[in-house]
Amino acid sequence: MPQPEVRRSIKRSAVSDQQRRRELALLRQTQQRSDSQNRARRLASSVFTLSSSSSSDLILPDKGILTRAADSEEHEAHLDESVAPARELNVVQASKLKGREARQWFARQLMLPEWMIDIPPKLDRDWYVFARPAGNRCFVVSSNGTTISRLRNGSVLHHFPSSLPNGSRTRDSSGPASSYCVLDCIFHEPDQTYYVIDMVCWRDYSLYDCTAEFRFFWLNSKLAESGACNSPSTYHRYRFSVVPIYDCNQAGLHAAYSTSMPYTKDGLLFFNKHAHYQTGNTPLALVWKDNFCSQYFLDTDSQGLVPTQQQVVLEMQEDGKLTTSDDPPVEFGSLEVDFIQKSEFRAGNLLRFAIKDESVRVVDGKLEIGDLQFISKSNRARAFADSYSKVFFQYAARHSPLKIEDIAASILPNLPDDSPIVDVEMGS
Amino acid sequence: MEVTQILLNAQAVDAAVRKHAEESLKQFEEQNLPVFLLSLSNELANHEKPVDSRKLAGLILKNALDSKEQLRKTELVQRWLSLDVSVKSQVKSCLLQTLSSPVPDARSTASQVIAKIAGIELPQKQWPELITSLLSNIHQLQPHVKQATLETLGYICEEVSPQVVDQDQVNKILTAVVQGMNASEGSADVRLAATRALYNALGFSQTNFSNDMERDYIMRVVCEATLSPDVKIRQAAFECLVAISSTYYDKLASYMQDIFNITSKAVREDEEPVGLQAIEFWSSICDEEIDILDEYGGDFTADSDVPCYYFIKQALPALVPMLLETLLKQEEDQDQDEGAWNLAMAGGTCLGLVARTVGDDIVPLVMPFIQENITKPEWRQREAATYAFGSILEGPSPDKLIPVVNVALNFMLTALMKDPNNHVKDTTAWTLGRIFEFLHGSTLETSVITNENCQQILTVLLQSMKDVPNVAEKACGALYFLAQGYEDSPGSPLSPYFQDIIQSLLNVTHRDDAGESRLRTAAYETLNEVVRTSTDETAPVVTQLLPVIMLELHQTLETQKLSSDDREKQNELQGLLCGCLQVIIQKLGASETTKYAFMQYADQIMELFLRVFACRNATVHEEAMLAIGAVAYAVGGNFLKYMQGFYPYLEMGLQNFQEYQVCAITVGVVGDLCRALEEKILPYCDGIMTQLLKNLSSSQLHRSVKPPIFSCLGDIALAIGENFEKYLIYSMPMLQSAAELSSHAVATDNEMLDYANQLRNGILEAYSGILQGFKNCPKAQLLVPYVPHILQFLDKLYNEKDMDDAVMKTAVGVLGDLADTLGTHASTLMNQSVASIEFLEECLSSDDPSIKESAEWAKMAISRAVSV
């Protein structure tokens, strides 16, 4: 018969160090397997593609010259001409870029909404709306224990510690030291707050290919968790905040337009729910303004005043054509060869013009400008020419603006699906 | 030559004769199995044959029916089942006939063989008349036949599972067995056989134990048997009580008072083997209650299958004094004897279990005994008091113990230095170790160790490490736990003495008597722990230790021409040294600054390890293998230069089915290599994959190695990316069938469920690795045909509701990997699977952060795939 199992004496340890060594080795292996699995999962998804029309290789000038030259007006002209080639950089690599190179890279990372010149169909079903906080649009990257915000043109706005993942040098247990995140924000001066209007990467996971619906869901659930919405402290210099985002139905539109927000409004932003985060101009995100919800309904000139005549900033091409920043660019006129030679402008220069109202025509829904009057080279902080939609919106704003009532009218309640939109008289 | 002579020759003193006879038997078996079996059974049954040939005939028969090796066993079972019916019935009839032989050895051998055949045939519903025929006229049998019959029934119960026997037959067996145990049974042999048979039959008695009358009867007979005049019967009866205590814990309430009286009398008055079993009864009750209370998890309203009856708590006032008495019954030299087991040791062990069961309540019951005895001139009293103290240190709350320990600590340190008795010092050092293990460390609010007393403790321990081997070994153990308490604490007060500690431990390993009382092993283990707890500050000392241990390993390789005894010692020492190197390498490799210090030794270390492997012919040194994993982790891609030299041993390790731990560790090392070498491992993958796939399909390999092999497939795929293509056609079907198996596994018990979950986890990790490996490759489409099955597997797992957290995390990750790598190909199919979506939602709201994280990743990947 079997002997009953012999009990181990309490004085003889049941745990052997060999077993412990095995277990520790196993633990290390499990950890590393999980690490490499996570690396793989994040790998492709954290790579941004720098797409560009130019395929020429970027030849970097000597670094020393580059840094000094970057500040000179002359070199500024090169900024948009030496378009970055299609190459992949992730944000961690990009954050190591310096000076002009960095500005150039970051200037191309933002999604730029078109101006709303007509109302997209199914606004109530497929779109979100929210009040845009007044302030500078910027791209906020936390990585390597620090946080950097960069303006639309790529230049640094703030360099600060934050509670975003890996956004400060605290012994924070959340996530690996290499972790980073990227946010699309508006910095609102009066309350010194970064209002986050989109989430691009979070803890190494890229959200570029996610729908706006998902990005906003993620933004709302993650940002507060990180502590970034807390009041400022030593390791968290600026507060971050989300903005209330509404489905673009009657109620949502009304709330975004009329409700008072903790921030000064500067128009409304409309985001298509199904659209991915796309760098550059996109018709799937739209900006709209009027005098009620924005102090900047009509564009201002370099002195901050509304000029009597509408002004536009266009980019000069090799052949002297003056184009918008769209892809493909829209041509609004061209410069005479003599004038170019006299002025020593180069291709890629951004030039400011005034428009004579009477020279403008709308043909088949397209805006055509008959007469551009040169004013000056544009402020060198600018990275891009105006977009076609902006020019059009500003023109309309001066003549027959798209009103909030028009937008509201397009999103009637209880509109049966698939029924064509019919004209209905509102409030008359 | 006739069979009798061959069987006798097979036991001859002359090796040549013996060998020849063994070969003849083997030939006989191979050439004509039926005749072979018949001759053996006839030999066993034949009263005129010598007892030695009969016994061996029975033994060979038994070996022809069963084997410890699973594969061989299956073969033998098939072989027996396919024999001609008439042959089998002749063999069986001979065996049954032998049960009435006057020769005890013949009867006993026949009993065992009958049980083996029953073990094969009863599950096949064959030999249905066996039990009835054994029991038919048991009352009329002569005592020796009755004894053999009961013994046979006992063996049968041991051999077959309870499901195979009808309740009706179980009733008959139990009736016969319990009647045989009854005091009215005249023959002591019959009573003993019946009592031992009951031990095996207890597993069959579920129904009978649920019936009050039947249970009362069985319990009364067992309790009476503990009072039998025959010591063997008393011991066997207590063994039954021990088995009952764990099998029928919840049925014991009404017997506990009686059992306490019986056991207490046995512990105090009976012979040692009986007393030991009586103590074991209480230890076993503790085991049960500790398990039950563990399941409650501190929450007394929680459901548990079995309620806790708090038998120990109730018995405490009487139980503790009884156990304390046993502590005074030490044997001289018990501390030098590894296998010693006596009343004092069993009593202390039980006291320790009681403390874990009842916690704080034990302290006031034991303290007076300690106070009264600890200063007595008689060593037995001092040792017993110390032992009692050491035993109760696990269980009661630190709040209760710390004040006591604070008072006792100085006394203990002095005793370890000054007590004239070796046993007292041994137990004192052990008690200090227990104090450090349970009342010191970063998890406690207050530790008994302060920066002030730390130095004194250390001085005493280092001094004590020069004491006799058994005391020095315990001092090493105490130092082990002292160091362990400083794991993860940057400002360890041991740092200033780090060099001294290491030197003292090295000195211990060099003692001439370090082979006694496993002293050398203890010293190396403590050295390992000290290295693990080293800090940035002490890292240079660890770096200096590396070449010292390397030199020691080198020296073991220089000694030539060893006796087999010496060779074994050399192996053991190499194991300890490789283990120590593993710990050092892992420590140095984990930080960038120290990794550099290690790198300069990497070449030499690898050369040493390869030489260690070369010392042994077939078996790979487990410790060296573990250490090589640590090297790969530290040197990364540079490991490539060692691959050619190492590869043969890697393959050997993967082929080592016998020592499955070695195989498992080698599989882990393959994973390390994948991560270190990445795509550079490709040239070796054909060989590795062949071996891994072979292992997976082998029925000989211990099952615990299979889950890590699946995970390893994932490691390889992740490392070599789309080059894994050529292995897909082999590995995917294997993963599929294993997935099938693991999701259908009706997990009857926790152990099966654990295994099923390990298997599932391995399979899912393989899928993850393969999917991620193919990401962004055009060849990813090759995986599309496998998607439906993977999703089905995930659906099944979700529906079964029995996966553990680890599986849940991996499973939801695979959902994300499918979407990440295959985009719309996967997401379209996923939309049709309700479970996937629900599963994802469930994981997103999980409390476990790692599951949640995995689920968030999956949600993101799916959302990307859907919106493409």
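All residue numbers refer to positions counted from 1 along the written sequence of the respective chain. Key to labels: chains lettered from A, ligands numbered from 1, both in the order written. Per-residue local features are limited, in this predicted model, to residues with pLDDT of at least 70; the limit for side-chain atom pairs, both in listing and counting, is 80 or more; totals at the level of whole chains, interfaces and linings are taken over all residues. Computation of side-chain values: all heavy atoms of the structure, hydrogens and water removed.

- Under an unreviewed UniProt entry, the name given to chain A is Snurportin-1, and the source organism is Zingiber officinale.
- UniProt positions are given in the numbering used here, feature names are shortened, and annotations may be inferred rather than shown by experiment. Here is the UniProt Function (unreviewed entry) comment for chain A, exactly as written: "Functions as an U snRNP-specific nuclear import adapter. Involved in the trimethylguanosine (m3G)-cap-dependent nuclear import of U snRNPs. Binds specifically to the terminal m3G-cap U snRNAs."
- Heading Sequence similarities (unreviewed entry) of the UniProt record for chain A holds this comment: "Belongs to the snurportin family."

**Some remarks on the overall build of chain A**
Reasoning step 1: Helix and strand definitions follow DSSP, with helices as H or I runs of at least four residues and strands as E runs of at least two, each counted in order from the N terminus. Of the regular secondary structure elements, chain A holds eleven helices and 21 strands.
Reasoning step 2: Only protein chains enter the accessibility calculation, which uses a 1.4 Å probe; a residue is then buried when its area is under 20% of its type maximum, exposed when over 50%, and partly exposed in between. Taken over 428 residues, chain A has a buried fraction of 51%.
Reasoning step 3: Looking at chain A alone, contacts between residues at least 24 apart form 67% of all its contacts between residues at least 6 apart.
Reasoning step 4: Surface exposure of chain A reaches about 20900 Å², of which carbon and sulfur atoms provide 50%. Here, residues are in contact when the closest pair of their heavy atoms is within 4.5 Å. Computed with a 1.4 Å probe, the accessible areas rest on the Shrake-Rupley method; for each residue, only the protein chains presented here act as cover.

**Here we look at a negative patch on the surface**
Reasoning step 1: Candidate patch residues must exceed 30% relative accessible area and have no salt bridge, after which like charges are joined if within 9 Å and Val, Leu, Ile, Met, Phe, Trp or Tyr side chains if within 5 Å. Each salt bridge in this description consists of a side-chain nitrogen of Lys or Arg and a carboxyl oxygen of Asp or Glu lying within 4 Å of one another. Charge convention: Lys and Arg are scored as positive, Asp and Glu as negative, and His as well as the terminal groups of each chain are ignored. For the purpose of locating charges, the reference atoms are NZ of Lys, CZ of Arg, CG of Asp and CD of Glu. Taken together, the side chains of Glu272, Glu331, Asp333, Asp337 and Glu338 of chain B present a region of like negative charge at the surface.
Reasoning step 2: The exposure class of aspartate 337 of chain B is partly exposed, given its relative accessible area of 40%.

**Remarks on the sheet that holds strand β15 (residues 311–316) of chain A**
All names here are of chain A.
Reasoning step 1: Between any two strands, pairing holds if DSSP finds at least two bridges. Pairing is antiparallel across the open sheet formed by five strands, whose spatial order is β17-β16-β15-β18-β21. Bordering the open sheet on either side are β17 (331–334) and β21 (372–377), each of which pairs with just one other strand. When the angles between neighbouring strand axes are averaged without regard to direction, this sheet yields 40 degrees.
Reasoning step 2: Pairing of strand β18 (residues 350–355) with β21, which is carried by five bridges, proceeds in the antiparallel orientation. Bridge pairing in β21 links isoleucine 355 to leucine 372. Every axis in this analysis is a line fitted to C-alpha atoms, fitted for helices over the stretch in contact. Angles between the N-to-C directions lie between 0 and 180 degrees.

**As for empty space enclosed by the protein**
Reasoning step 1: Using a 1 Å grid laid over the protein atoms alone, points where a 1.4 Å probe fits but cannot get out form a cavity; open sets with protein on both sides within 12 Å along at least 5 of 7 lines form a pocket; any residue with an atom within 4 Å of a point counts as lining. Grid points are joined across faces, edges and corners, and a volume is the space filled by probe spheres set on the points. Within this structure, the stated rule accounts for eight cavities of 30 Å³ or more.
Reasoning step 2: Lining the second largest cavity, in full, are Tyr486, Ser492, Leu494, Ser495, Phe498, Ile501, Val530, Thr533, Ser534, Thr535 and Thr538 of chain B.

**Details of the domain arrangement of chain A**
Residues and elements named next belong to chain A.
Reasoning step 1: Reported domain spans reflect what an automatic or database domain assignment gives. Domain annotation for chain A reports domain 1 (107–288) and domain 2 (298–408).
Reasoning step 2: If you average the C-alpha positions of domain 1 and of domain 2, the two centres end up 28 Å apart.
Reasoning step 3: Listed by partner, the interface residues are 17 residues for domain 1 and 18 residues for domain 2.
Reasoning step 4: Simply put, the buried area is the total loss of 1.4 Å probe accessible area from both parts when two parts are fitted together. Summing both sides of the interface, domain 1 and domain 2 together bury roughly 1600 Å²; the carbon and sulfur share of this comes to 71%.
Reasoning step 5: Under the rule applied, a polar contact is a pair of N or O atoms within 3.5 Å (in protein, one hydrogen donor and one hydrogen acceptor; residues adjacent in sequence only if both atoms are side-chain atoms). Scanning the region where domain 1 abuts domain 2 turns up four residue pairs in polar contact (both at pLDDT 80 or more).
Reasoning step 6: Sorting the residues of the side of domain 1 that touches domain 2 by element identifies β3 (111–115), α8 (250–258), β13 (265–272) and β14 (280–288) as the ones contributing at least two each.
Reasoning step 7: Counting residues per element, the side of domain 1 that touches domain 2 draws most heavily on α8, which supplies three residues.
Reasoning step 8: For the side of domain 1 that touches domain 2, the residue count by class is eleven nonpolar, three polar and three charged. Under this grouping Gly is polar, as are all residues other than the nonpolar Ala, Val, Leu, Ile, Met, Phe, Trp, Tyr, Cys and Pro and the charged Asp, Glu, Lys and Arg.

**Re the pairing of strand β7 (residues 156–160) of chain A**
All names here are of chain A.
Reasoning step 1: Of the strand pairs in this sheet, strand β6 (residues 146–151) and β7 are connected by four bridges, and their pairing is antiparallel. Residue pairing for β7: threonine 147 is matched across the bridge by phenylalanine 160.
Reasoning step 2: Remark: four residues form the turn of the hairpin made by β6 and β7, two consecutive strands paired antiparallel; glycine 154 in that turn has positive phi of roughly 95 degrees.

**Re the packing of aromatic side chains**
Reasoning step 1: Ring pairs are drawn from Phe, Tyr and Trp, using the six-membered ring of Trp, whenever the two centres fall within 6.5 Å, and their geometry is named by plane angle: stacked under 30 degrees, edge-to-face over 60, tilted for the rest. If you walk through the whole model with that rule in mind, you get 42 aromatic pairs over all chains.
Reasoning step 2: With a centroid separation of 6.0 Å and an interplanar angle of 20 degrees, the aromatic rings of phenylalanine 332 of chain A and tyrosine 388 of chain A are classed as stacked. A residue pair is termed long-range when its members are at least 10 positions apart, and phenylalanine 332 of chain A in strand β17 and tyrosine 388 of chain A in helix α10 (residues 388–399) qualify at 56 residues.
Reasoning step 3: Classification of tyrosine 388 of chain A as buried rests on a relative accessible area of 12%.
Reasoning step 4: An angle of 5 degrees between the planes, with centres 3.9 Å apart, marks the rings of phenylalanine 209 of chain B and tyrosine 248 of chain B as stacked. Residue phenylalanine 209 of chain B is located in helix α12 (residues 206–210), and its partner tyrosine 248 of chain B is located in the loop between α14 (231–247) and α15 (256–269); the two are separated by 39 residues in the primary sequence.
Reasoning step 5: Over the aromatic face of tyrosine 755 of chain B sits the side chain of arginine 703 of chain B, whose NZ or CZ is 4.3 Å from the ring centroid.
Reasoning step 6: Only when the NZ of Lys or the CZ of Arg is both within 6 Å of the ring centre and within 35 degrees of the ring normal is a charge said to sit over the ring. One cation-aromatic arrangement involves lysine 801 of chain B over tyrosine 798 of chain B; the distance from NZ or CZ to the ring centre is 3.7 Å.

**Brief notes about the side chain of arginine 675 of chain B**
Reasoning step 1: By the element assignment, arginine 675 of chain B lies in helix α33 (residues 660–677).
Reasoning step 2: Since its relative accessible area comes to 18%, arginine 675 of chain B is described here as buried.
Reasoning step 3: Those residues in contact with arginine 675 of chain B that lie beyond four places of it in its chain are Gln29, Gln32, Arg33 and Ser36 of chain A together with Asp715 of chain B.

**Some words on the interface of chain B and chain A**
Reasoning step 1: Opposite the 80 residues of chain B that make contact, chain A presents 41 residues.
Reasoning step 2: Summing both sides of the interface, chain B and chain A together bury roughly 4900 Å²; the carbon and sulfur share of this comes to 51%.
Reasoning step 3: Of all residues in chain B, Arg675, Met860 and Arg864 of chain B give up the largest surface area on contact with chain A, accounting jointly for 13% of the area buried on that side.
Reasoning step 4: If you look at where chain B meets chain A, you find 14 salt bridges.
Reasoning step 5: The residue arginine 7 of chain A makes a salt bridge to glutamate 280 of chain B at a minimum N-O spacing of 2.8 Å.
Reasoning step 6: Inspection of the chain B/chain A interface yields 23 residue pairs in polar contact (both at pLDDT 80 or more).
Reasoning step 7: Looking at which element gives the most residues to the side of chain B that touches chain A, the answer is helix α42 (residues 849–867) of chain B, with ten residues.

**A look at the side chain of aspartate 820 of chain B**
Reasoning step 1: Relative to the helices and strands, aspartate 820 of chain B is located in helix α39 (residues 805–822).
Reasoning step 2: For aspartate 820 of chain B, a relative accessible area of 16% corresponds to the buried category.
Reasoning step 3: Those residues in contact with aspartate 820 of chain B that lie beyond four places of it in its chain are Arg41 of chain A together with Gln772, Lys775, Trp857, Ala861 and Arg864 of chain B.

**Topic: the pairing of strand β19 (residues 360–363) of chain A**
The side chains of a regular strand alternate, residue by residue, between the two faces of the sheet.
Residues and elements named next belong to chain A.
Reasoning step 1: In this sheet, strand β20 (residues 366–369) lies alongside β19 in antiparallel orientation, the contact comprising four bridges. Within the sheet, the bridge partner assigned to arginine 361 lies in β20 and is glutamate 368.
Reasoning step 2: If you look at the hairpin formed by β19 and β20, you'll find two residues sitting between the two strands, and aspartate 364 has a positive phi there, around 50 degrees.

**Some details on the sheet that holds β3 of chain A**
Residue and element names in this part refer to chain A.
Reasoning step 1: The strand order across the open sheet formed by five strands is β3-β14-β13-β4-β12, and the pairing between neighbours is mixed. Each edge of the open sheet is held by one strand with a lone partner, namely β3 and β12 (246–247).
Reasoning step 2: Here two bridges tie strand β4 (residues 127–133) to β12, and the two strands are oriented antiparallel to one another. Each residue of the ladder has a partner; that of valine 129, found in β12, is tyrosine 246.
Reasoning step 3: Lying over the sheet, helix α7 (residues 212–226) contacts β3, β4 and β13, oriented at roughly 50 degrees with respect to β4.
Reasoning step 4: The sheet contacts of α8 involve β4, β12, β13 and β14, and relative to β13 the element is tilted by about 150 degrees.

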